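Commentary on secondary and tertiary structure
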Amino acid sequence: MSQQVLKAEKLNKYFHEPDTIHVLHDISMSVEEGEFVSIMGKSGSGKSTLLYLLSTLDTQYEGTVDINGTRVTGLPENAMARFRNEYIGFVFQFHFLLPEFTALENVMLPALKLGKRDHGAIEQQAMEKLRKMDLHQYAHKLSGKLSGGQQQRVAIARALINDPRIIMADEPTGNLDSANTANIFDIFNGLVQDGNTIIVVTHDHDFARKSTRILEMADGRICTNG
Amino acid sequence: MMLPVNWKIMKVHLLSRKRQTIVAMLGVTFGIGMFILMMSFMKGMNDFFEDIMLSVTPDIRIYNDYKTDYSSSVTGQYLGARPKNWIIVRHPRPRQINLNLKNAPGIIEDLRKQNEIQVVSPLVSAQVLFNYGPVQLSALLDGVDIREEDRLFGLSDKMASGRPENLLTSDNGILLGYKLAKKLNVRTGDLVTATAPSGIQLRFRVVGLYKFGIATMDEFKAYVSLTDMQQLLGKSRDYITDIRLKLKDMKQAAVKAPALAKRYGYKADDWETVNASIKAGNLIRDTFTYVLNFTLLLIAGFGIYNIMNMVILGKLKDIAILKAEGFARKDIVQIFLSQSLIIGLIGSVAGLLLGFLLSYSLSKVPWPEDEYIVIKRFPVNFDTLYYMVGLIFGLLTTGIAGLLPALKASRVDPVAILRG
């Protein structure tokens with residue numbers, strides 16, 4: 001049996017502004033190593049909220065989250081940031097690069113922060129990740145000057161730089177045209193084949209079909225687990 | 001310790017908005033520059049006044065302050081006092097007061113034995129009248145040992161004509177302030193007549209003129225030898241009214257004076273007590289300068305606070321990304337606080353340079369012609385202390401101004417921003 005990378009138990013989440021709303025109801029789930037899990041659901045079903053809880057960015061919830069055997073719920077702020085840096089790769093809906101840095105620098109930043117390798121090694125590795133995304137010729141361009149599809153691919157390269165235990169993506173194709181969407185599909189496919197563990201929030205059925213498992217969400221509950 | 005990666009992010013942030021960065025720096029630069037200029041000038045002024053004051057004030061002056069002691073009175077004998085009678089005397093007058101220091105030669109000899117005392121200059125002083133035709137001009141005539149007086153006040157440097165030693169070589173010589181000489185219409189070699197309060201008159205030959213740059217010295221004072229003065233007053237050879245001292249360390253004066261007063265039983269004033277008003281003036285100028293400059297820097301600080309706040313508003317997305325990538329709150333604080341500190345550091349150093357250039361230029365500007373004050377250019381003091389204070393001030397203000405926005409940045413909730 002493969003190793004459990006992520007385990008969430010009895011997650012409850014409330015929004016208090018403007019009124020108190022119960023967003024997530026008793027959600028329990030787990031992700032095995034090498035799994036590609038899609039979370040689907042209508043907008044407002046709580047799928048993104050769930051992803052941000054799992055990613056440790058949102059800490060205001062009840063229940064527990066374990067990643068890679070570590071209880072991340074209740075970790076102190078610094079340890080949490082460090083953990084996120086080392087074990088989680090994040091891809092957002094709106095590419096979200098730092099516009100004043102080059103593509104290469106954007107990819108390098110998380111590794112520089114981790115500080116496990118020296119600058120030269122990190123640069124080499126970042127270049128390699130970009131080459132995988134077929135972006136090495138844009139490495140020294142300011143990321144703000146790249147197209148949307150290119151930026152998203154840089155963001156994926158950045159998510160991979162520290163060889164995370166789990167990659168989380170929030171609608172990675174939500175803001176792209178069909179050609180670029182297809183491109184990103186292929187990249188995620190490749191990532192799965194390389195043995196990466198991935199959780200993706202999406203409302204794109206084509207995208208979700210390629211995953212090993214789809215979690216359907218509605219009204220803050222997981223209704224299908226297949 | 002700051003991570004190289006945080007340093008790098010800070011650098012990119014600063015360089016990507018050069019104009020804002022430079023404007024923020026200029027605020028600090030002008031603040032610090034003005035601080036340096038004002039401090040240097042104010043301190044130069046203070047030094048100048050202090051120099052003038054010290055050029056005519058001995059470190060310690062020992063003299064006989066007459067005491068109104070009415071504990072014994074002759075009234076009882078005159079009115080035949082009885083135990084049950086009250087006799088009230090209004091406005092009593094002393095019978096006789098000697099203002100001289102008794103056993104002055106002994107005191108002088110004792111003072112000269114003390115190691116920390118550099119110069120001991122005895123003095124007989126009295127108000128005299130100089131005759132100029134029908135007019136009589138009043139002046140303070142000091143009988144001194146001119147060599148000691150020279151060591152005390154550096155008379156030699158202040159001679160407009162003649163030399164102080166001329167008093168020793170000539171019979172009945174006198175040194176006049178140049179303004180007094182002008183009023184009396186005399187020059188070196190001419191004769192003047194001085195009249196003592198007792199009515200005794202002596203003729204003196206002018207052997208030198210001096211110029212202190214202070215009206216009280218130049219217009220209302222003259223020097224003769226001790227013996228001539230004693231003769232003019234009709235007193236004996238050991239009649240001394242004051243003893244003035246110069247210490248090796250003038251800062252010891254305030255401590256030393258009371259000790260000497262106790263030892264000899266006479267009054268001893270130190271220079272700080274005598275010139276308390278000048279000291280107060282210095283304090284007021286210093287306070288004024290500090291308050292003004294604090295305000296200047298406060299304004300620069302507000303500028304930085306504003307700019308950093310705007311920068312952070314424009315960088316909310318970047319902050320959210322950095323947090324998602326695993327940068328902790330302290331990293332965010334470092335990144336943004338160090339931007340303010342770099343602005344502060346470079347702005348301050350440029351300000352120090354600007355301040356130095358301005359105060360250097362000021363020190364070359366001629367002082368407006370003035371016959372009462374002997375000064376050629378604006379007085380400026382280049383004390384490095386103010387440069388240190390300026391630097392610390394600059395870093396402190398920018399640090400505080402940058403800390404609040406940086407803390408705010410570190411509290412940004414990444415989820416709210418990343419979800420759009």
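No experiment lies behind these values; they were computed from the predicted model shown.

Residues and elements named next belong to chain A. Topologically, A155 is positioned in helix α5 (residues 148–160). By the C-beta count within 10 Å, which is 26 here, A155 ends up buried. Residues A155 and F92, 63 residues apart in the sequence, show an inter-C-alpha distance of 8.0 Å.

The next thing to look at is the UniProt feature "transmembrane region" (unreviewed entry) in chain B. Residue and element names in this part refer to chain B. On the UniProt side, "transmembrane region" (unreviewed entry) is annotated at positions that read residues 21–42, 290–314, 335–358 and 385–407 here. Annotated as residues 21–42, this span is 100% helix and 0% strand, and its ends, taken at the C-alpha atoms, are 32 Å apart. The straight-line gap between the two end C-alpha atoms of residues 385–407 is 32 Å; of that span, 100% is helix and 0% is strand.

For the rest of this paragraph, the subject is the pairing of strand β7 (residues 201–210) of chain B. Residues and elements named next belong to chain B. By the bridge criterion, three bridges tie strand β4 (residues 159–162) to β7 in an arrangement that is antiparallel. Bridge pairing in β7 places S161 opposite L209. Taken together, the five bridges between strand β5 (residues 173–177) and β7 define a ladder with parallel strand orientation. The residue bridging G177 from the neighbouring strand is Y210, located in β7. Sheet analysis places strand β6 (residues 191–195) next to β7, joined by five bridges and oriented antiparallel. Bridging across to β7, V192 finds its partner in F204. Hairpin geometry of β6 and β7 is characterised by an intervening segment of five residues between the two adjacent antiparallel strands and by a positive phi of about 105 degrees at G199.

Working note: α-helix, 3.6 residues per turn, so residues spaced by three or four point in the same direction. Its 39 residues give helix α12 (residues 276–314) of chain B an end-to-end C-alpha distance of 57 Å, which sits within 8% of 57 Å, the value for a rise of 1.5 Å per residue. Packing partners of the buried residues in α12 of chain B comprise α2 (18–56), α14 (329–363) and α15 (384–410) of chain B.

We now examine the interface of chain A and chain B. In this assembly, 21 residues from chain A lie in contact with 18 residues from chain B. Elements that contribute at least two residues to the side of chain A that touches chain B include exactly α1 (47–54), α2 (77–87) and α3 (103–114) of chain A. For the side of chain A that touches chain B, the element with the most residues is α2 of chain A, which contributes six residues. Per-class residue counts for the side of chain A that touches chain B are twelve nonpolar, three polar and six charged.

About the thresholds
Residues numbered from 1 in each chain as written. Chains lettered and ligands numbered in written order. Predicted model: local features only at pLDDT ≥ 70, side-chain atom pairs only at ≥ 80, totals over all residues. Helix = DSSP H or I, 4+ residues; strand = E, 2+ residues; numbered from the N terminus. Buried ≥ 20, exposed ≤ 12 C-beta atoms within 10 Å, placed from the backbone. UniProt positions renumbered as here; feature names shortened; annotations may be inferred. Pairing = 2+ DSSP bridges. Expected span 1.5 Å × (residues − 1). Contact = placed C-beta atoms within 7 Å. Nonpolar A, V, L, I, M, F, W, Y, C, P; charged D, E, K, R; others polar.

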